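Structure at a glance
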Amino acid sequence: MASQVKNPALAEHGRRNIEWAERQMGALLKVQERFAKEKPLVGVRVGMALHVTKETAVLVKTLVAGGAEVSITGCNPLSTQDDVAAALALEPHVEVFAHKGETREEYYDFLNRVIAFKPQVTIDDGCDLVSEIHTKHQGLIPDVICGCEETTTGVIRLAAMEKDCALKYPMIAVNDSDTKHLMDNYYGTGQSTLDGILRASNILISGKVIVVVGYGNCGKGVASRARGLGARVIVTEVNPFRALQATMDGFAVMPMAEAVREGEVFVTVTGNKNVVSTEHIKAMKDGAILANSGHFDNEVDVAGLSAMAKAKRTVRPMFDEYDLGGKVVFLAGEGRLVNLAAAEGHPSTVMAMSFCNQAMAVEWGVKNRGKLEAKVYRLPPDLDLEVSRLQLEAMGIRIDKLTPEQEAYLNSWQEGT
Ligand code: ADE
């Protein structure tokens with residue numbers, strides 16, 4: 001299979017990195033072992049647009065163990081780990097089109113290389129593959145069994161497609177499993193966002209005023225980890241309930257127009273555009289640091305920032321200074337996902353759960369081939385619980401069982417005060 005990666009000589013380094021991830025992804029390895037025995041995906045062509053990381057490599061190997069053929073590209077121009085891409089390109093039944101620092105043209109060219117593979121199952125993180133197939137390659141749709149979506153932003157796009165009756169094949173919203181959005185989005189984004197900011201800037205978090213823009217599961221994780229490192233955390237929100245949750249969790253909540261005057265570090269995690277606008281940036285303190293951990297790079301108005309800056313220079317890798325005349329601001333990771341652009345994304349242990357869901361979603365979709373409608377599905381709750389069980393087992397944690405008496409009690413209504 002003809003891959004395109006930055007440097008094939010990095011393969012040995014990538015292989016060791018993948019082995020290191022595997023040590024921490026015991027739950028996914030259990031699925032891999034089962035797939036190797038049961039072969040639920042024999043001959044199925046899986047097209048993937050996912051961050052090409054060491055954790056994703058373990059997912060790819062799991063799908064191949066199940067009998068699949070895989071064609072993979074990245075889902076963000078800055079997130080590919082080139083050593084991992086080089087190692088994956090040597091795996092049988094896998095082709096890879098990805099490198100860190102892709103131009104927009106390369107990004108779409110690579111996406112189309114995956115589409116040329118005629119995938120029967122798509123796995124997306126952000127919905128670009130589904131969107132490209134639905135808008136430009138409808139001819140492929142009759143052969144597509146199902147698709148799986150990894151992230152909140154992608155699920156929001158799918159819901160809009162479903163509402164417009166534009167969705168033409170069944171999709172599984174992997175993000176909506178509890179073992180995905182309550183784990184990866186919270187613990188994963190929480191830790192890896194701080195990791196990205198730290199690798200880019202190496203600032204002391206303790207004592208800093210950090211503004212977390214958005215208090216969904218990702219924002220909750222970032223706010224909690226920033227507080228854990230000693231930051232004074234401000235949360236901004238548009239949703240009254242989430243704003244209330246942030247308040248009850250002990251964070252200062254205020255409108256962005258006020259937060260910009262106090263903040264020293266700003267982290268966007270909203271899934272929406274221009275939540276940090278040029279007007280906001282103009283009102284910030286000298287030396288403010290901007291970082292984004294939402295899927296797309298439009299949360300901070302980077303184009304507006306570039307247009308109003310008198311000069312820009314790269315101070316450190318993935319850390320740019322913009323001269324606004326009389327003050328400067330810093331942008332980490334070019335305004336793209338800071339955890340993947342400036343660090344390595346979520347740690348392997350949390351990705352094991354996300355990718356157990358992905359592997360089981362592919363298996364479930366293939367098993368139900370022809371029975372699902374062109375709608376957005378959640379994985380059945382028993383599979384979500386199975387992921388919890390596998391992860392607990394991988395962590396060596398045992399739990400109790402209901403006694404028959406307790407089970408009967410929960411199923412009854414007669415017994416009361
Ligand atoms: N999304 C966030 N972190 C990731 C990782 N390590 N691998 C793949 N996708 C991710």
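My aim in this report is to walk through the structure given alongside it, one point at a time. On a predicted model such as this, the values are computed, not experimentally measured, just so you know. (Residues numbered from 1 in each chain as written. Predicted model: local features only at pLDDT ≥ 70, side-chain atom pairs only at ≥ 80, totals over all residues. Heavy atoms only, no water.)

**Examining the overall build of the protein**
Applied cut-off: Each helix is a run of H or I in the DSSP string that is no shorter than four residues. Each strand is a run of E no shorter than two, and both are numbered from the N terminus. Only C-alpha atoms enter the radius of gyration; for comparison, a globular chain is expected to reach 2.2 Å times N to the power 0.38, where N is the number of residues. To sort residues, take the accessible area from a 1.4 Å probe on protein chains only and compare it with the maximum for the residue type: under 20% means buried, over 50% means exposed, and anything in between is partly exposed.
The helix and strand tally for the protein stands at 18 helices and 16 strands. Taking 417 residues into account, the globule formula puts the C-alpha radius of gyration at 22 Å, and the protein, at 22 Å, falls close to it. The dimensions of the protein, computed from C-alpha atoms along their principal axes, are 70 × 65 × 45 Å. Out of the 417 residues belonging to the protein, those deemed buried represent 55%.

**Describing the pairing of strand 3 (residues 69–73)**
Working note: regular strand, side chains alternate between the two faces of the sheet. Selection criterion: For two strands to be treated as a pair, DSSP must find at least two bridges joining them. Crossover handedness is defined by viewing with both strands directed away from the observer: a clockwise path from the first strand over the helix to the second marks the crossover as right-handed.
In terms of residue burial, strand 3 counts as a mostly covered element, since 4 of its 5 residues are buried. With 5 bridges joining them, strand 2 (residues 45–49) and strand 3 adopt parallel strand pairing. What sits directly across from Arg45, in strand 3, is Glu69. A crossover links strand 2 with its parallel partner strand 3, the connecting element being helix 3 (residues 54–65), and its sense is right-handed.

**Concerning the layout of surface pockets**
To locate leftover empty space, one rolls a probe as large as a water molecule over the atoms. Cut-off, in case you're wondering: Only protein atoms enter the 1 Å grid used here, on which a cavity is any set of points holding a 1.4 Å probe that cannot leave and a pocket is any open set flanked by protein within 12 Å on both sides along at least five of seven lines; residues with an atom within 4 Å of a point are listed as lining. Grid points are joined across faces, edges and corners, and a volume is the space filled by probe spheres set on the points. Residues were grouped as follows: Ala, Val, Leu, Ile, Met, Phe, Trp, Tyr, Cys and Pro as nonpolar; Asp, Glu, Lys and Arg as charged; and all remaining residues, including Gly, as polar.
Roughly 950 Å³ of volume is contained in the largest pocket. Every residue lining the largest pocket is counted, 48 residues in all, and those nearest its centre are Cys218, Val269, Thr270, Gly271 and Gly294. Among the residues making up the lining of the largest pocket, the classes are represented as 15 nonpolar, 25 polar and 8 charged.

**Looking at the packing of helix 5 (residues 104–116) against helix 6 (residues 128–136)**
Our working rule: The convention used is that axes are lines fitted to C-alpha atoms, helices contributing only their stretch in contact, and that angles between N-to-C directions extend from 0 to 180 degrees. Each angle gets one of four labels, with under 35 degrees taken as roughly parallel, over 145 as roughly antiparallel, 65 to 115 as roughly perpendicular, and the rest as oblique. Should any heavy atoms of two residues lie within 4.5 Å, those residues are counted as being in contact.
Following both chains from N to C, one finds helix 5 and helix 6 inclined at 70°, their axes separated by 11 Å at the closest point. Judged on the interaxial angle alone, helix 6 and helix 5 are roughly perpendicular. Residue-level inspection shows Tyr107, Tyr108, Leu111, Asn112, Val114 and Ile115 of helix 5 in contact with helix 6, the latter providing Asp128, Leu129, Glu132 and Ile133. Its residues assigned to classes, the contact of helix 5 with helix 6 comprises 7 nonpolar, 1 polar and 2 charged.

**Focus on the site of the ligand**
Formally: We call a residue near a given molecule or strand whenever any one of its heavy atoms falls within 4 Å of it. A 3.5 Å cut-off defines polar contacts: any pair of N or O atoms within that distance qualifies, except that in protein one atom must be a possible hydrogen donor and the other a possible acceptor, and neighbouring residues in sequence count only when both atoms are side-chain atoms. Accessible surface is estimated by sampling points in the Shrake-Rupley manner with a 1.4 Å probe; for residues, cover comes only from the protein chains shown. More than half of a molecule's atoms lying within 2 Å of a cavity's or pocket's grid points is what places that molecule inside it.
Around the ligand, the neighbouring residues are His51, Thr53, Glu55, Thr56, Leu340, Glu344, Gly345, His346, Met351 and Phe355. One of the side-chain N or O atoms of Thr53 is found 2.7 Å from a nitrogen atom in the ligand. Contacts to the ligand include Glu55, whose side-chain N or O atom sits 2.9 Å from a nitrogen atom. Isolated, the ligand exposes 260 Å² of accessible area, and the fraction of that covered by the protein chains is 96%. Using a 2 Å cut-off from the grid points, one finds that the ligand occupies the largest pocket. Of all the elements in the fold, those that place two or more residues in the shell around the ligand are helix 3 and helix 16 (348–367). Residue composition of the shell around the ligand, grouped by class: 3 nonpolar, 5 polar and 2 charged.

**Topic: the sheet that holds strand 11 (residues 265–268)**
An order of 10-9-8-11-12-15-14-13 is seen for the 8 strands of this open sheet, with the pairing classed as mixed. Each having just a single partner strand, strand 10 (252–253) and strand 13 (311–316) make up the two edges of the open sheet. Inspection of the sheet shows strand 9 (residues 232–236) paired to strand 10 by 2 bridges, in the parallel sense. Residue pairing in the sheet places Ile234 in a bridge with Ala252 of strand 10.

**Topic: the side chain of Thr56**
For Thr56, the position within the fold is in helix 3. Given a relative accessible area of 2%, Thr56 falls into the buried group. Those residues in contact with Thr56 that sit more than four places away from it in its chain are Met48, Leu50, His51, Ile72 and Phe355.

**A short note on the pattern of salt bridges**
Let me state the cut-off plainly: Any carboxyl oxygen of Asp or Glu that lies within 4 Å of a side-chain nitrogen of Lys or Arg is treated as forming a salt bridge with it.
Inspection of the entire model under this criterion finds 23 salt bridges. Salt-bridge contacts for Glu12 lead to Arg15; the nearest nitrogen and oxygen are separated by 3.1 Å. With Glu12 and Arg15 both in helix 1 (residues 11–23) and 3 residues apart, this pair spans about one turn of that helix. For Glu12, a relative accessible area of 35% puts it in the partly exposed group. Measuring nitrogen to oxygen at the nearest pair gives 2.8 Å for the salt bridge that ties Arg34 to Glu363. Pair noted here: Arg34 is in helix 2 (residues 26–38) and Glu363 is in helix 16, with a separation of 329 residues, a long-range link. Looking at Arg34, the relative accessible area reads 27%, which means it is partly exposed. One continuous salt-bridge network, built from bridges that share partners, spans Lys54, Glu55, Asp195, Arg199 and Glu344.

These figures come from the coordinates and say nothing about function on their own.
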